[in-house]
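Single-letter residue listing:
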Amino acid sequence: TPPAEKYEYQAEVNRLMDLIVHSLYSNKEVFLRELVSNASDALDKLRYLSVTDSDLLKDGPELDIRIQTDKDNGTITIIDTGIGMTRQELVDSLGTIASSGTAKFLKALKESQEASVDSNLIGQFGVGFYSAFLVSDKVVVSTKSPKSDKQYVWESEAESSSYTIREETDPEKLIPRGTRLTLYLKRDDKGFAHPERIQKLVKNYSQFVSFPIYTWQEKGYTKEVEVDDPTEAKKEGDDETKTEVKKKTKTVVEKYWDWELTNETQPIWLRNPREVSTEEYNEFYKNTFNEYMDPLASSHFTTEGEVEFRSILYVPATKKDDITDRKTKNIRLYVKRVFISDDFDGELFPRYLSFVKGVVDSNDLPLNVSREILQESRVVRIMRKRLVRKAFDMILGISCSENRDDYEKFWENYGKFLKLGCMEDKENHKRIAPLLRFFSSQSNEELISLDEYVENMKPEQKDIYYIAADSLSSAKHAPFLEKLDEKEYEVLFLVDPMDEVSVTNLNSYKDKRFIDISKEDLDLGDKNEEREKEIKQEYGQTCDWIKKRLGDKVGRVDISNRLSSSPCVLAAAKFGWSANMERLMRAQSM
Ligand code: ADP
Ligand code: MG
């Protein structure tokens, strides 16, 4: 066999390991969660591929995880029968930072240091494989991919900047498929090698893994055995030729070691919602989506009839910035409990709701479902519709919560996604509109809903008035407001660039039109024709003179009844863009 080859870690890996060891020391036990979740991912991948290629299972149909501890030597061995790794995959996966989880960890670490958040919080993060070095002096990964006929051993020591890879030669360590990972625990961490300790950690951290996890446990059973009875024997005297010795029965405990199933493998979404606690939903969420904060809301439901599926949806509490991000991996699709994919682009869930996370499990799709099938499928269309509806119910729930802060937080994090929805999803305008929030001329810098606006309308008021501006203060000082303030009509201040576009897409709310108060034909229902005629006569010439002076810079100069104290105002043409839209278009074309 060729000798072991030595490799250097990518520089970022060294830095990450350093960070992990120095910021997670108070939360070392997360290593087990990380390694078990990798084993579970590897099993998911194999199970998915085996749907179309059953040969993959020929070396053993079992898909499970086994954890063996050796407390005398201070080692923990985690064995999975998953997809394994080829030599190249070992280099790519365990020598560089390719995973999203670790990148996310680095980002959060940076943010939390800036905000000086409790570093325990970081302990809940997915820091991945390298967390093995939190507790280990040495880590050995022996792995066999179905793509390769050889089994390889990756080996590295803590605080070293390199690792080696060689072929597995120990016949005792050969496995038909999957990965066998051995941790050589640090002196102070050998306690993790106690079977009961590992059992407890698995129950704590890996309760939502959907493959069986077995731990190696010492067991005992009692049995009755016949033993010599020395007291009786004495009475018989010392004659050694006597063969008849009195016996008596005794109960003894026989000890042996065996695998014990340690987790509950029924997926949480198959359970009865009434029997699942909020804590369990939250734990499942954090485990599954590598999140560290509890979600703002969750919704667990089953739909029956035409299409049957089960789902749990969540609204996260963490901000998502990029609304155009396509690789959101927010919905995990299962078919008959087999994980299929989390890589969709709007087929299963609209992109503007990509901040919602969740799992969906259907019995009505084929296991080898492809993106093409998803795009064409009637089943998927129905699922999508129901999921969207449930997502809106869940968000509405947050907005109805007694705690106003919750929705404020939601709006701050995801408001722009809903505005995008006004543009992209006409069908759901009715569901989106009540969730929107705006500043207004009467709300004193607080956000209001359209329902609150409508409630506050004057009896004779027919429309919803708005003005778009680039800031709250320029909206407040717009001369257009004067007349409306006088009548105590509330005016929405659309100060976010996406506000005006969403309102014009909605067109109306509860049969009340959205009216831009900066447009020329604003009719507040208070026309006085006689008086207008008089004024026109008096100032007609002035208008002509101004138009002459300004020339092409303005379309028209007119008498208006829209102002009460300002002498004049620049209004936008009825069918033209508002001043704000022009600003936006100009900004975009630059
Ligand atoms: P992540 O799980 O977020 O991708 P990790 O650092 O936990 O990041 O793991 C890095 C990569 O190493 C995984 O993406 C996977 O490709 C590989 N890997 C780790 N453990 C296993 C395993 N038990 N079986 C197969 N591949 C594994
Ligand atoms: Mg991982």
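Residues numbered from 1 in each chain as written. Chains lettered and ligands numbered in written order. Predicted model: local features only at pLDDT ≥ 70, side-chain atom pairs only at ≥ 80, totals over all residues.

(A) Structural context of the overall build of the protein chain. Scanning the protein chain from terminus to terminus reveals 17 helices and 19 strands. Long-range pairs, those at least 24 residues apart, make up 72% of the contacts in the protein chain between residues at least 6 apart in sequence. (Helix = DSSP H or I, 4+ residues; strand = E, 2+ residues; numbered from the N terminus. Contact = placed C-beta atoms within 7 Å.)

(B) Summary view of the environment of Leu 563. Tracing the chain through its elements places Leu 563 in the loop between α16 (529-550) and α17 (579-589). Along the backbone, Leu 563 and Leu 481 are 82 residues apart, and their C-alpha atoms lie at a distance of 8.2 Å. When sequence neighbours within four positions are dropped, the list of residues in contact with Leu 563 reads Pro 479, Glu 482, Lys 483 and Val 569.

(C) Quick peek at the nonpolar core. Counting residues in hydrophobic clusters, the biggest one holds 73 residues, and the most contacted among them are Tyr 466, Ile 467 and Val 491. Counting residues per element, this core draws most heavily on helix α9 (residues 378-400), which supplies eight residues. Setting aside its immediate chain neighbours within four residues, Tyr 466 contacts Val 491, Leu 492, Leu 494, Val 503, Phe 514, Asp 516 and Ile 517. In terms of nonpolar packing, the next biggest core, distinct from the first, is built from 49 residues, Ile 20, Phe 129, Val 139 and Ala 193 among them. (Core = buried A, V, L, I, M, F, W, Y, C linked by C-beta atoms within 7 Å. Buried ≥ 20, exposed ≤ 12 C-beta atoms within 10 Å, placed from the backbone.)

(D) How the structure looks around helix α10 (residues 404-424). An ideal rise of 1.5 Å per residue puts 30 Å on 21 residues; α10 measures up with 28 Å between its terminal C-alpha atoms. At Tyr 414, α10 shows its largest bend, some 65°. Those residues of α10 not exposed but buried are Tyr 407, Phe 410, Tyr 414, Gly 415, Lys 416, Leu 418, Lys 419, Leu 420, Gly 421 and Cys 422. The inward-facing, buried residues of α10 contact β11 (309-315), α9, α11 (429-432) and α15 (497-506). (Expected span 1.5 Å × (residues − 1). Bend = angle between axes of the 7 residues up to and from the residue.)

(E) Structural context of the sheet that holds β11. Strand order in this open sheet of five strands is β10-β11-β14-β12-β13, and the pairing throughout is mixed. The sheet is open, and its two edges are formed by β10 (297-303) and β13 (338-341), each paired on a single side. The average angle at which neighbouring strand axes cross in this sheet is 20°, direction not considered. (Pairing = 2+ DSSP bridges. Axes fitted to C-alpha atoms, helices over the stretch in contact; angles between N-to-C directions.)

(F) Summary view of the sheet that holds strand β2 (residues 65-70). An order of β1-β6-β5-β4-β7-β3-β2-β8-β9 is seen for the nine strands of this open sheet, with the pairing classed as mixed. Strands with a single pairing partner mark the edges of an open sheet, and in this sheet they are β1 (5-8) and β9 (247-261). Each neighbouring strand pair of the sheet contributes to a mean axis angle of 20°, computed without reference to strand direction. Bridge analysis of strand β8 (residues 213-228) against β9 gives 15 bridges, and the strand direction is antiparallel. Pairing of Thr 215 across the sheet is with Glu 260, part of β9. Docked against the sheet, helix α2 (residues 30-52) engages β2, β3 (75-80), β7 (178-185) and β8, running at close to 20° with respect to β3. Contacts from helix α3 (residues 87-94) reach β1, β4 (136-144), β5 (151-157) and β6 (162-167) within the one sheet, and its direction differs from that of β5 by about 30°.

(G) Broad picture of the environment of Ser 160. When you line up the elements, Ser 160 lands in the loop between β5 and β6. By C-beta crowding, Ser 160 is classed as partly exposed, having 13 other C-beta atoms within 10 Å. For the pair formed by Ser 160 and Lys 385, sequence separation is 225 residues and the distance between their alpha carbons is 53 Å.

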